[in-house]
Amino acid sequence: MRKEKKKQDLENDPPGRLLASLAVPSIIAMMVNGLYYLVDAAFVGWSEGGMALAGLATIFPLQMFMIAWGTMLGMGAASLISHRMGEAKNQEARNAAGSGVFLALLSGVILTVLSLVFRPALLNLLGATEVTRIPARSYLIGLEPGFVFVFLSMVGFNLVRAEGLAKEAGMGMLLGSLVNLVLDPVFLFVLHTGVIGAAWATVLARVLSTLYIVFVLAKKKNVLGLRLGRVTASDAARIFSLGIGMFLSQVGLSVLAVLMNRSLRRMGSAADIAAYGILSRIHVFVTMPLLGLAQGFQPIAGFNAGAGRWDRVNKLTWLTFLTAVIFGAAMLIPSMTIPGTLMHAFTADTDVIAAGTGPLRITLCLLPLIGMQVIGFTYFQALGNPAGTLILSLSRQVLFLIPFLMIFPVYWGMNGLWSAYPAADFTAALLSVIMVGRNIRNKSRMAAAAVRDDVMG
């Protein structure tokens, strides 16, 4: 009965209402998750100064990689669990959950060992300079004990959502952010721990989030509970395949951050690196709602595509594109009107503020278009089209932005470095609209032809 009601909702309820009901909790959860990276930067900037911010900017690519990997494992596991629960295969759903948790544990252990053994090489790879190496190393040392909990919490929240407990998942993410918000000033301003204290605050927040997930799963009467099933290679492979699109999109940000740190080390100053540390966190935060919107869009589009309701898929897709543009436009306003105030929220260092105000405006000037690429690859992911998913998930960061970052500075110096962002935003958005529009026209023609054949037959 419950399954039939879900089908009725997804197949017949107005697309706008469905999108709002599924996307709003995901948008809130993603924005809360983004607060982790804003809070650390803000308190470190005010407590330790611009060079400490530059140290955090050095470690940021590693954090972005962890977000990408954790999102892939979490969304892949949740998709597999939801599908099996819909088929009433509860033991298989528990097996998928067990595989997801195992992969999270394994990922955390491997990354911790690699960081401990190869820490100097890792700092060099991330673009540490003589000035930024000390705070970057301190922050990395503080984060290392929490690597396992980052992955466990990200997978765990998706397991809770797969159970239909969206409210509890959101509360858990909010709890982690609030703990981080409280502990950061305690470590930095009361205990005077320095940069490592900000890392400790983040680790403790992730630990408490993980414990909260265990509490929710143990307390609620649900399918998964704490009865995780056996780990299988086939489930692990399926989790990777289901989450790869989001991973590719997010990991491009990590590669991008490494390239920017190394470019700024060569072309700019420590103030420029610190400014980029702020900009990169603002960029992540403003794109979080778009990822939440995509998470709400995907199951509706996928269900209706499977049901052959291409009229609803088409309407929903263009509606989601429009919503993404509106979100981007709303978040663009403060970036254009008060960029200095936004920079000042993270640091009082006038050199860093001056170095970041102009680039903040330049890099976010086409923010309303960024969501088109996110919704574009999610559209193809929902349709089970791996080629379209791969092309669009790589388009902005890998296919366009990284090459532009290598070419533009040759002709325009630092201005070219920042101008690569809007150029990539425009190109990726244009490619997304072209590919999605062409696919929609093809599917519409096929559906119309099928109707004619039925009438004539």
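No experiment lies behind these values; they were computed from the predicted model shown.

Draft legend 1. Structural context of the overall build of the protein. Looking only at helices and strands, the protein features 16 helices and 0 strands. A burial count over the protein gives 56% of its 457 residues as buried. In the protein, once contacts between residues fewer than 6 apart in sequence are set aside, the share between residues at least 24 apart is 81%. When the accessible surface of the protein is split by element, carbon and sulfur atoms take 69% of a total near 18,800 Å².

Draft legend 2. Just unusual backbone geometry, in detail. Of note in the backbone geometry, His192 takes a positive phi value of approximately 50 degrees without being a glycine. Note that His192 resides in the loop between helix H8 (166-190) and helix H9 (195-219). Overall, His192 belongs to the exposed group, its relative accessible area being 61%.

Draft legend 3. Examining the pattern of salt bridges more closely. Applying the stated criterion across every chain yields a total of 3 salt bridges. Put simply, Arg119 and Glu144 hold a salt bridge, and the shortest N to O gap is 2.8 Å. Remark: Glu144 occurs in the loop between helix H6 (133-143) and helix H7 (147-162) and Arg119 occurs in helix H5 (residues 119-126); sequence separation between them is 25 residues. As far as burial versus exposure is concerned, Arg119 and Glu144 are alike and both buried. A salt bridge links Arg396 to Asp425, with the nearest nitrogen and oxygen atoms 2.5 Å apart. For Arg396, a relative accessible area of 8% gives the class buried.

Draft legend 4. Representation of the packing of helix H12 (residues 310-337) against helix H15 (residues 367-382) in the model. Close contact between H12 and H15 brings their axes to 7 Å; oriented N to C, the two are set at 150 degrees. As judged from the angle between their axes, H12 and H15 are roughly antiparallel. As H12 packs across H15, the resulting crossing turns out to be right-handed. Counting all contacts with H12, which are made through Val313, Thr317, Thr320, Phe321, Ala324, Val325, Gly328, Ala329, Met331 and Leu332, the residues of H15 involved are Leu367, Pro368, Gly371, Met372, Ile375, Gly376 and Tyr379. Classifying every residue of the contact of H12 with H15 by side-chain character gives 12 nonpolar, 5 polar and no charged.

Draft legend 5. Up close: the layout of surface pockets. Taken as a whole, the second largest pocket holds about 380 Å³ of empty space. Surrounding the second largest pocket, 22 residues form its lining, Leu62, Phe65, Trp69, Leu111 and Leu114 being those nearest its centre. Listed by contribution, the elements that provide at least two residues to the lining of the second largest pocket are helix H3 (50-86), helix H4 (90-117), H5 and helix H10 (233-267). Considering each element in turn, the lining of the second largest pocket owes the most residues, 7 residues, to H4. Among the residues making up the lining of the second largest pocket, the classes are represented as 19 nonpolar, 3 polar and no charged.

Draft legend 6. Representation of a nonpolar patch on the surface. Where nonpolar side chains cluster on the molecular surface, the patch consists of Phe102, Leu106, Val109, Ile110, Val113, Leu114, Leu116, Val117, Phe118 and Val231 and spans about 870 Å² of accessible area. Residue class for Phe102 comes out partly exposed when judged on its relative accessible area of 40%.

Draft legend 7. Just the side chain of Thr210, in detail. Of note, Thr210 is situated in helix H9. Of the residues examined, Thr210 reaches a relative accessible area of 10% and is grouped as buried. Once residues within four sequence positions are removed from consideration, Thr210 is found in contact with Phe149, Leu152 and Ser153.

Draft legend 8. Just the confidence of the model for the protein, in detail. Confidence in the prediction of the protein, expressed as mean pLDDT, is 83, and 89% of residues score 70 or more. Across residues 1-8 the pLDDT falls below 50, and counting only partners more than four positions away or on other chains, this stretch makes 5 contacts in the model.

Thresholds applied
Residues numbered from 1 in each chain as written. Predicted model: local features only at pLDDT ≥ 70, side-chain atom pairs only at ≥ 80, totals over all residues. Heavy atoms only, no water. Helix = DSSP H or I, 4+ residues; strand = E, 2+ residues; numbered from the N terminus. Buried < 20%, exposed > 50% of the residue type's maximum accessible area, 1.4 Å probe, protein only. Contact = heavy atoms within 4.5 Å. Areas by Shrake-Rupley, 256 points an atom, 1.4 Å probe, with all protein chains shown as cover. Salt bridge = Lys/Arg side-chain N within 4 Å of Asp/Glu carboxyl O. Axes fitted to C-alpha atoms, helices over the stretch in contact; angles between N-to-C directions. Parallel < 35°, antiparallel > 145°, perpendicular 65-115°, else oblique. Left-handed = near helix turned anticlockwise from the far one by under 90°. Nonpolar A, V, L, I, M, F, W, Y, C, P; charged D, E, K, R; others polar. 1 Å grid on protein atoms, 1.4 Å probe; cavity = no way out; pocket = protein on both sides within 12 Å on 5 of 7 lines; lining within 4 Å. Points joined across faces, edges and corners; volume = space filled by probe spheres on them. Patch = residues over 30% accessible without salt bridge, like charges linked within 9 Å, V, L, I, M, F, W, Y side chains within 5 Å. pLDDT = per-residue confidence, 0-100.

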